[in-house]
Amino acid sequence: MTAAILLALAPVALLVALGYGLRHTGFIADAFWPQAERLCYYILLPALFMHGLASAHLQALPVLPLAATLIAATVVVAVALMLARRWIPIDGAGFTSVFQGAVRFNNYVGVSLAAGMFGTRGVALAAVCNAAIVPTVNLLCVLVFARHGSVRFGGWALVRQIVTNPLVVACAIGIGMQASGVQVPALVEPAVRALGAASMPLGLLCVGAALNFSGVRGWAHPVMVSSAVKFLAMPVLTLAVGHALGLTDVALTVALLFQALPTASSSYIMARQLGGDAPLMAGITAAQTVLAAAAMPAVMTVLSLVYGLPQA
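It should be emphasised that the depicted structure is a prediction, and the values quoted were computed from it without experimental measurement. Per chain, residues are indexed from 1 in the order of the written sequence. For a predicted model such as this one, the threshold for reporting local features is a pLDDT of at least 70, and the threshold for listing and counting side-chain atom pairs is 80 or more; totals across whole chains, interfaces and linings nevertheless cover every residue. To get the side-chain values, take all heavy atoms of the structure and skip hydrogens and water.

Asks: So what exactly am I meant to see when it comes to the pattern of salt bridges here?
Replies: When the charged atoms of two side chains lie near each other, side chains of opposite charge can form a pair. What makes a salt bridge here is a side-chain nitrogen of Lys or Arg within 4 Å of a carboxyl oxygen of Asp or Glu, nothing more. The tally for this structure, following the rule as stated, stands at three salt bridges. One salt bridge in this structure joins R23 and D30, with 2.8 Å as the shortest N-O distance. The shortest N-O distance in the salt bridge between E37 and R272 comes to 2.8 Å. With E37 in helix α2 (residues 32–54) and R272 in helix α11 (residues 265–274), this pair connects stretches of sequence that are 235 residues apart. When accessible area is computed with a 1.4 Å probe and restricted to protein chains, residues below 20% of their type maximum are described as buried, those above 50% as exposed, and intermediate ones as partly exposed. A relative accessible area of 4% places E37 in the buried class. Overall, R272 belongs to the partly exposed group, its relative accessible area being 42%. The secondary structure listing takes helices from DSSP runs of H or I that are at least 4 residues long and strands from runs of E that are at least 2 residues long, numbered from the N terminus.

Asks: Sorry if this is basic, but what is going on with the nonpolar core here?
Replies: The tendency in soluble globular proteins is for nonpolar side chains to be buried as a group. Residue types Ala, Val, Leu, Ile, Met, Phe, Trp, Tyr and Cys, when buried and joined through side-chain atoms within 4.5 Å, form a set referred to as a nonpolar core. Ranked by size, the top nonpolar core spans 107 residues in total, and within it F99, F258 and Y268 carry the most contacts. The greatest single-element share of this core, amounting to 21 residues, is contributed by helix α5 (residues 107–148). Whether two residues are in contact is decided by their heavy atoms, any of which lying within 4.5 Å being enough. Not counting the four nearest positions on each side in its chain, F258 is found in contact with F105, G110, V111, A114, A126, C129, N130 and I133.

Asks: Looking at this structure, I do not really get a nonpolar patch on the surface. What am I missing?
Replies: The grouping of L39, Y42, I43 and L195 at the surface amounts to a nonpolar patch, some 330 Å² of accessible area in total. The leading source of residues in the nonpolar patch is α2, at three residues. Positionally, L39 belongs in helix α2. Think of a patch as exposed residues, more than 30% relative accessible area, with no salt bridge, where like charges cluster within 9 Å and nonpolar side chains (Val, Leu, Ile, Met, Phe, Trp, Tyr) cluster within 5 Å. Here the accessible surface of atoms and residues is derived via Shrake-Rupley with a 1.4 Å probe, and residues count as covered only by protein chains that are part of the display.

Asks: I would appreciate a short explanation of the packing of aromatic side chains in the present structure.
Replies: To describe a pair of aromatic rings, you give the distance between the ring centres and the angle between the ring planes. Pairing of aromatic rings covers Phe, Tyr and Trp, the last counted by its six-membered ring, and requires centre-to-centre distances within 6.5 Å; plane angles under 30 degrees mean stacked, over 60 mean edge-to-face, and any other angle means tilted. Applying the stated criterion to the full structure yields four aromatic pairs. Each ring, one from F32 and one from W33, has its centre 5.0 Å from the other, and the planes form 80°; the classification is edge-to-face. Between Y41 and Y42 the ring centres are 5.0 Å apart and the planes differ by 90°, which places this aromatic pair in the edge-to-face class. Either the NZ atom of lysine or the CZ atom of arginine qualifies as a charge over a ring when it sits within 6 Å of the ring centre and within 35 degrees of the ring normal. For R86, the ring lying beneath its charged end belongs to W87, and the centroid distance is 5.4 Å.

Asks: Can you walk me through the UniProt feature "transmembrane region" (unreviewed entry) in the protein in this structure?
Replies: UniProt positions are given in the numbering used here, feature names are shortened, and annotations may be inferred rather than shown by experiment. Mapped onto this numbering, the UniProt entry annotates "transmembrane region" (unreviewed entry) at residues 39–56, 63–84, 123–146, 158–179, 191–211 and 283–309. Taken end to end, residues 123–146 comprises 100% helix and 0% strand; its first and last C-alpha atoms sit 34 Å apart. Between the C-alpha atoms that bound residues 191–211 there is a distance of 31 Å. The span itself is 95% helix and 0% strand.

Asks: Would you take a moment to explain the environment of G149 for this structure?
Replies: Among the secondary structure elements, G149 is positioned in the loop between α5 and α6 (156–164). We classify G149 as buried; its relative accessible area is 2%. Residues G149 and G110, spaced 39 residues apart in sequence, show a C-alpha to C-alpha distance of 28 Å. Ignoring any residue separated from it by four or fewer positions in sequence, one finds G149 in contact with T96, V144 and G275.

Asks: Would you mind going over helix α7 (residues 166–180) with me for this structure?
Replies: Think of an α-helix as turning once every 3.6 residues; residues three or four places apart then point the same way. A helix is expected to span 1.5 Å multiplied by its residue count minus one. Helix length check: α7 (15 residues) gives 21 Å between terminal C-alpha atoms against 21 Å at 1.5 Å per residue, within 8%. Of all the residues in α7, the buried ones are P166, L167, V168, A170, C171, G174 and M177. Phi turns positive, to about 80°, at G181, one or two residues after α7.

Asks: What should I look at first to understand helix α9 (residues 220–244) in this one?
Replies: The terminal C-alpha atoms of α9, which comprises 25 residues, lie 35 Å apart, in line with the 36 Å expected from a rise of 1.5 Å per residue. A residue's bend is given by the angle between axes fitted to the 7 residues ending at it and the 7 residues starting at it. Roughly 35° is the biggest bend found in α9, and it falls at V229. A positive phi of about 80° marks G246, the residue just after α9.

This is the structure we're talking about:
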């Protein structure tokens, strides 16, 4: 399991490091990065989410128990984190980064690990995880940005922000297509798939480009809080909810796997677009990617051994 996790995390870490090098050596002009972030947020990430949700193969899987487990655990953790806001010594924009670091997850690493550990069944279960968590997390994050981001909006402005958010809209379209059986037209499907695939490398390059280690001393507490929730509270609560809902074996293992993933590059893109603390978000993303190399194998191994879940 450890080797599979390290192999899945290595490309993420390397792309972040490459982005840092490209920005800080001046090989690519500073003017490029804001436009790259905009492209990711409005085109590439929506294409990824819409295509992934619309094309998922969900037959003969415990879809409802798995989705309910993931959504319930994510919402409970999100609410608990919001209630604990007063005891987290950080400004509102910084809290949005802590929140995203705690609830967002790296789809690519999750799918790679599920496929490597459980083959085609793992891929199918990963699709259910994405279908359940992606829209849930995006909606929760928009609400948190509305309350704590540096760009505040309320009332109808909040409703408008949610219903026009490109990630939320993409999730809604993908789920609608999945439910109705409508497929992405064959003529455009390869282009949509390619756009989604491009979101990972470009998004991670943007994360690396945003890293500014002059503020590293201020990262320690936010990284600790978000990582403790991500790598400990989230998988433990997922295990408890999964057991309560009758989820077992491979499905429960994949659920735990997805809930212990490091945060995604989309966290940084969203922080830039919605008034969050983007430098801190880049730091949390990079730190969790490194921490995951030790935290994920430890969490998954302990929980699997204690509860007798399959590991591969």
